Structure formats: C-alpha cells, structure tokens
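Residue-level structural notes
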Amino acid sequence: MEYVTLNTGAKMPMLGLGVYGVDDTSPILAAFEAGYRSIDTASGYNNEEVVGQAIRESGLKREEIFVTTKLTNSAQRENTIEAEFDQSLEKLGVDYVDLYLIHWPVAEHYVNSWLALEKLHKSGRAKAIGVSNFQTYHIEAAKKVWSVVPAMNQIELHPFLTQKPLIAVCKAEGIIPESWSPLGGGANDVKNNMLTSKVVTDIGEKYGKSVAQVILRWNIDLGIVTIPKSTNPDRIKANINIFDFALTPEEIAAIDALNKDIRTGPDPDNFSF
Ligand code: NDP
C-alpha cells in the first residue's frame, strides 16, 4: 500500500474500497482480508450499518481502518448536519470518522455546510474534512470563508474524464484529489470502452497487469487517491494488487491522452437531487 499525508498530518491509504450499492459485509470483509484498510461510504448509500458490522467482524482495531462517510444533500437543505453526522457515527458504531465529506455542492448551502463541517472537525469527531464534486468555482466560494482547507475533493475521474484543470486547482490549494468511478462506474458502455482500450491493454501486457489495474495505478502515479468498488472477491484482490509496478511518464501521458471529458455520473454544475 502507498499512503498520502492529508493536511491534518494523518496518513490515508491511496486505495480503498468504494461501497456504493454494497448491502452485505462479504465484499468489505474480503477487502480487509486482501489488505484494504480504507472504506468509502456515505449516509446516502444507506449502508453505514453494514460497514460498521464489517469493521467489528474484521477483528481489526479501529485505528487500523480509515473510514470516510459523507453528508447528504437533504441534511444541507434542512440544516440538520450535526444530527446526521451523529447518526452516521452511530450507524458505523464508531466515535470518529477519519474523513467527512460534503457529498454534493448544494447551491446556496454548501458554503454554510463547510462551516458546519469545520465545527465537527474542531470537536475531534471528524479527524479530517473535505468536499466532493466541487468544481473550481465551488472551491473559490468556500475559500472566502474557510479557516480549514478541505483535505480532499472526491470527484468523478477516469481516463475518459481526466479533470486536469480541476486537479491543478486542488493541488495548488493543498487539497488531495480522489477519484470516484475510477473504472467508469455503472455506465457499461463507457466502462467497456475504457476496459478494452488498446493503449491501456498494451501497457498492461508489458507489466502483466489487467486494464483495470493499469488504470488504478495511473491514479496512484498521478497522486490521486482512488476507491474502486467491486463485490467480486477476485476483482477486489486484483484491484489492490497494483503496488508492485509504476508507469513511466510516457505511459501516464498516453493514458491522459484518452480523455474525452465524458461523465458517467451526475454533473456537479447541474444535478437535481
Ligand atoms: P467503479 O468505477 O469503481 O466501478 C465499479 C464497477 O466496475 C462495478 O460494476 C464492478 O463490478 C466493476 N469492476 C470492479 N473492479 C473491476 C475489475 N478489476 N475489472 C472489471 N470490472 C471491475 O464505480 P463506482 O461508481 O462504484 O465508484 C467507486 C466508488 O466511488 C463508489 O463505490 C463510491 O464509494 C464512490 N462514489 C462517489 C460518488 C460521489 O459523488 N462522491 C459518486 C459515485 C461513486 P463488480 O462489483 O462485479 O466487480
């Protein structure tokens, strides 16, 4: 495993398990068994209890696991942020989370939501705080009021959506970028095109790695934390088996060049939930 140091000084694994749509403990336990120590959930995934149960069943110590969860849009709109955060801790069965994120920048609320997260951080129950789906203009608006710089911006990112300008802004602010849907998520056409790309297949052949493994390694080599989701034990194992090789600058550039600015998930400029 490789780690990134957050602006709090905490270390976070560069690769974790995304659990969107995971409704039982077995993939999470398989991930712990394979060496994962970071889990990405959200209040909106309705599976924080499942994650909590897996943490307890794993036999690992709380401090060995990096837990991320996220604030819903409805709690931002209804100003019930602290109550929802308390509920997340209760469902997870923990007394702190390692990282708490604003899931989506809800217009007219996200700046105040950031101030609420700063309070949770000061209370010690959210060891680090960050954002998700923030574009440059969201970061700039939050920057006007923040006294804590977001540790993380979790955004859709894969070879067909490389997000170079936003990544540059995050890096300039000291915000670590993290990729959601690193393998193209549930969009099968995009995922299939990406996972059969000749450029990436050729690179994989050189290292004896699959296309998915090369794409995940490309994230790591760019300094981007990533959280692929799988419920398949073999793919869970394969996705973490990427710490024994590294891409050359030319290979990284060749994957960068696949960018088509294609989103597979909602657009942060225009979402209706
Ligand atoms: P991913 O890009 O991680 O892709 C998951 C899909 O790829 C599943 O269909 C999975 O199927 C398949 N897959 C996994 N590994 C492999 C492999 N090695 N080879 C081929 N196929 C593979 O999509 P997600 O959208 O789930 O994103 C990951 C995580 O990011 C989420 O689980 C969630 O935690 C987070 N997220 C955050 C968002 C946000 O707004 N902040 C939005 C969306 C996601 P199978 O399970 O059968 O292996």
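Residues numbered from 1 in each chain as written. Predicted model: local features only at pLDDT ≥ 70, side-chain atom pairs only at ≥ 80, totals over all residues. Heavy atoms only, no water.

**Things to note about the site of the ligand**
- Within the structure, the ligand sits among 28 residues, and Asp-40, Ser-181, Leu-183, Ser-230 and Arg-235 are positioned closest to it.
- Contact between the ligand and Ser-132: a nitrogen atom at 2.8 Å from a side-chain N or O atom of the residue.
- Relative to its unbound accessible surface of 900 Å², the ligand loses 86% to contact with the protein.
- Of all the secondary-structure elements, those providing two or more residues to the shell around the ligand are α8 (188-195) and α11 (233-240).
- Here the residues of the shell around the ligand are counted per class, giving 11 nonpolar, 12 polar and 5 charged. (Near = heavy atom within 4 Å. Polar contact = N/O pair within 3.5 Å; in protein donor to acceptor, adjacent residues only side chain to side chain. Areas by Shrake-Rupley, 256 points an atom, 1.4 Å probe, with all protein chains shown as cover. Helix = DSSP H or I, 4+ residues; strand = E, 2+ residues; numbered from the N terminus. Nonpolar A, V, L, I, M, F, W, Y, C, P; charged D, E, K, R; others polar.)

**Comments concerning the packing of aromatic side chains**
- Scanning the entire structure with this criterion turns up 8 aromatic pairs.
- Consider the rings of Tyr-20 and Tyr-45, whose centres lie 5.1 Å apart with planes at 75 degrees: the pair is edge-to-face. With Tyr-20 in the loop between β3 (17-18) and α1 (26-34) and Tyr-45 in the loop between β4 (38-40) and α2 (48-58), the pair connects residues that are 25 residues apart, well separated along the chain.
- Considering the side-chain rings of Trp-104 and Trp-180, the 6.4 Å spacing of their centres and the 65 degrees angle between planes classify their relative orientation as edge-to-face. Linking Trp-104 in the loop between β6 (99-102) and α5 (110-122) with Trp-180 in strand β9 (residues 176-180), this pair joins segments that are 76 residues apart in sequence. Across the pair, exposure class does not vary: Trp-104 and Trp-180 are buried alike.
- Ring-pair connections join several aromatic residues into one group, and the members of that group are Trp-104, Trp-180, Phe-271 and Phe-273.
- The ring of Tyr-3 has Lys-11 sitting right over it, with the charged end atom 5.4 Å from the ring centre.
- Between the NZ or CZ atom of Arg-62 and the centre of the ring of Tyr-96, over which it lies, the distance is 4.0 Å. (Phe/Tyr/Trp six-rings, centres within 6.5 Å; stacked < 30°, edge-to-face > 60°. Buried < 20%, exposed > 50% of the residue type's maximum accessible area, 1.4 Å probe, protein only. Lys NZ or Arg CZ within 6 Å of the ring centre and 35° of its normal.)

**What about the pattern of salt bridges?**
- Summed over the entire model, instances satisfying the criterion amount to 12 salt bridges.
- Ionic pairing is found between Asp-86 and Arg-125, a salt bridge with its closest N-O pair at 2.6 Å. Taken together, the residues Asp-86 in helix α4 (residues 81-92) and Arg-125 in the loop between α5 and β7 (129-132) connect sequence positions 39 residues apart.
- A relative accessible area of 33% places Asp-86 in the partly exposed class.
- With a relative accessible area of 22%, Arg-125 lands in the partly exposed category.
- When the shortest N-O distance is used, the salt bridge between Arg-263 and Asp-267 registers 3.7 Å. (Salt bridge = Lys/Arg side-chain N within 4 Å of Asp/Glu carboxyl O.)

**Thoughts on the nonpolar core**
- Residues Leu-6, Ile-28, Val-97 and Tyr-100 are the most contacted members of the largest nonpolar core, which totals 81 residues.
- Per element, the largest residue contribution to this core is 7 residues, and it comes from helix α10 (residues 211-221).
- Residue contacts for Val-97: discarding those within four places in its chain leaves Arg-62, Val-67, Thr-69, Phe-85, Leu-89, Leu-92, Arg-125, Ala-126 and Lys-127. (Core = buried A, V, L, I, M, F, W, Y, C linked by side-chain atoms within 4.5 Å. Contact = heavy atoms within 4.5 Å.)

**Side note on helix α12 (residues 249-256)**
- Taken residue by residue, α12 has Glu-251, Ile-252, Ile-255 and Asp-256 as its buried positions. Buried residues of α12 fall within an arc of 145 degrees about the axis and therefore sit on the same side. Exposed residues lying more than 90 degrees from the buried face of α12 are Pro-249 and Glu-250.
- Against α7 (164-173), α9 (198-207) and α10 lie the buried residues of α12. (Arc of directions from axis to C-beta.)

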